[in-house]
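Take a look at the letters that make up each chain.
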Amino acid sequence: MNLSFSFLNKLAVVISPVTELKQKKKIHDYRQQVCGGDYIFERLNEGTIGYMTGVGKSVKACDRIILREGCESYQYQVEEIDYYSAPSDMWIALLKQIPND
């Protein structure tokens, strides 16, 4: 009986709706924030990737971040993120530029 219960639990994870997984992604808009003051963004590879250091506990991998440079807005996906131990809401993330929606 334990085997079938375990199998059903794993099956439910495999067939969970894709929309449920997509809902967990968030968009974090930093266009009103000041680069160098509120966050730091280091562009690499002509801006297609970069490292960003910021504050906030809700940023996760696969989330999107919108940044402004001059009059232009750019959208990035969080590829990897690590939170500092102190302060615990400060993080550094590897971002990959994606097309604006």
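Position numbers for residues count from 1 along each chain, tracking the sequence in the order it is written. Only residues with pLDDT of 70 or above have their local features reported here, since the model is predicted, and side-chain atom pairs are shown and tallied only from 80 upward, although totals for entire chains, interfaces and linings are computed over all residues. Calculation of side-chain values draws on the structure's entire complement of heavy atoms; hydrogens and water are dropped beforehand.

Trainee: Can you break down the pattern of salt bridges residue by residue, with the values?
Mentor: Think of a salt bridge as a Lys or Arg side-chain nitrogen and an Asp or Glu carboxyl oxygen that are within 4 Å of each other. Applying the stated criterion to the full structure yields 2 salt bridges. Between Glu 69 and Arg 43 there is a salt bridge, with its nearest N and O atoms 2.7 Å apart. Residue Glu 69 is found in strand E4 (residues 64-69), and its partner Arg 43 is found in strand E2 (residues 40-44); the two are separated by 26 residues along the sequence. Throughout, exposure labels follow a simple rule: accessible area from a 1.4 Å probe, protein chains only, divided by the maximum for the residue type, with under 20% read as buried, over 50% as exposed, and the rest as partly exposed. Of the residues examined, Arg 43 reaches a relative accessible area of 41% and is grouped as partly exposed. Here a strand is any run of E in DSSP of at least two residues, a helix any run of H or I of at least four, and the numbering for each starts at the N terminus.

Trainee: Lay out the sheet that holds E2 in plain terms, naming residues and giving numbers.
Mentor: Spatially, 6 strands are ordered E1-E4-E5-E6-E3-E2 in an open sheet, and the strand pairing comes out mixed. The sheet is open, and its two borders are formed by strand E1 (27-29) and E2, each paired with just one other strand. Strand after strand, the sheet turns through a mean of 30° between neighbouring axes, direction not considered. Direction of pairing for E4 relative to strand E5 (residues 72-83): antiparallel, over a ladder of 6 bridges. Paired with Ile 66 across the bridge in E5 is Gln 75. Strand pairing is defined by DSSP finding a minimum of two bridges between the two strands. Only C-alpha atoms enter the line fits that serve as axes; for helices the fit covers just the stretch in contact. Angles between N-to-C directions range over 0 to 180 degrees.

Trainee: Tell me about a nonpolar patch on the surface, and name the residues and values.
Mentor: Exposure above 30% relative accessible area and no salt bridge define the residues that can form patches, which grow by joining like charges within 9 Å and nonpolar side chains of Val, Leu, Ile, Met, Phe, Trp and Tyr within 5 Å. What sets the accessible areas is the Shrake-Rupley method with a 1.4 Å probe; for residues, cover comes only from the shown protein chains. A cluster of nonpolar side chains, contributed by Tyr 51, Tyr 84 and Ile 92, occupies part of the molecular surface with about 260 Å² of accessible area. Within the secondary structure, Ile 92 is located in strand E6 (residues 90-98). On the basis of relative accessibility, which here comes to 31%, the residue Ile 92 falls in the partly exposed class.

Trainee: Describe the packing of aromatic side chains, naming the residues involved and giving the relevant values.
Mentor: Side-chain rings of Phe, Tyr and Trp (the six-membered ring for Trp) are treated as a pair once their centres are within 6.5 Å; stacked means planes under 30 degrees apart, edge-to-face means over 60, and tilted covers the remaining angles. One pass over the structure, following the stated rule, counts 2 aromatic pairs. Pairing Tyr 30 with Tyr 39 gives two aromatic rings, centres 5.5 Å apart and planes at 80°, and the pair type is edge-to-face. Pair check on accessibility: Tyr 30 and Tyr 39 agree, each one buried. A centroid spacing of 5.1 Å and a plane angle of 55° characterise the contact between Phe 41 and Tyr 76, whose relative ring orientation is tilted. Of this pair, Phe 41 sits in strand E2 while Tyr 76 sits in strand E5, placing them 35 residues apart in sequence.

Trainee: Quick rundown of the nonpolar core? Include the residues and the values.
Mentor: Residue types Ala, Val, Leu, Ile, Met, Phe, Trp, Tyr and Cys, when buried and joined through side-chain atoms within 4.5 Å, form a set referred to as a nonpolar core. Core analysis: the biggest nonpolar cluster contains 13 residues, and Tyr 30, Met 52, Ile 65, Leu 67, Trp 91 and Leu 95 have the highest contact counts within it. The set of elements that each furnish at least two residues to this core consists of E4, E5 and E6.

Trainee: Could you give me a rundown of the pairing of E6, with the residues and numbers involved?
Mentor: In terms of strand pairing, strand E3 (residues 49-55) meets E6 through 7 bridges, oriented antiparallel. Looking across to E6, one finds that Tyr 51 is bridged to Leu 94. What sits between E5 and E6 in their antiparallel hairpin is a turn of 6 residues.

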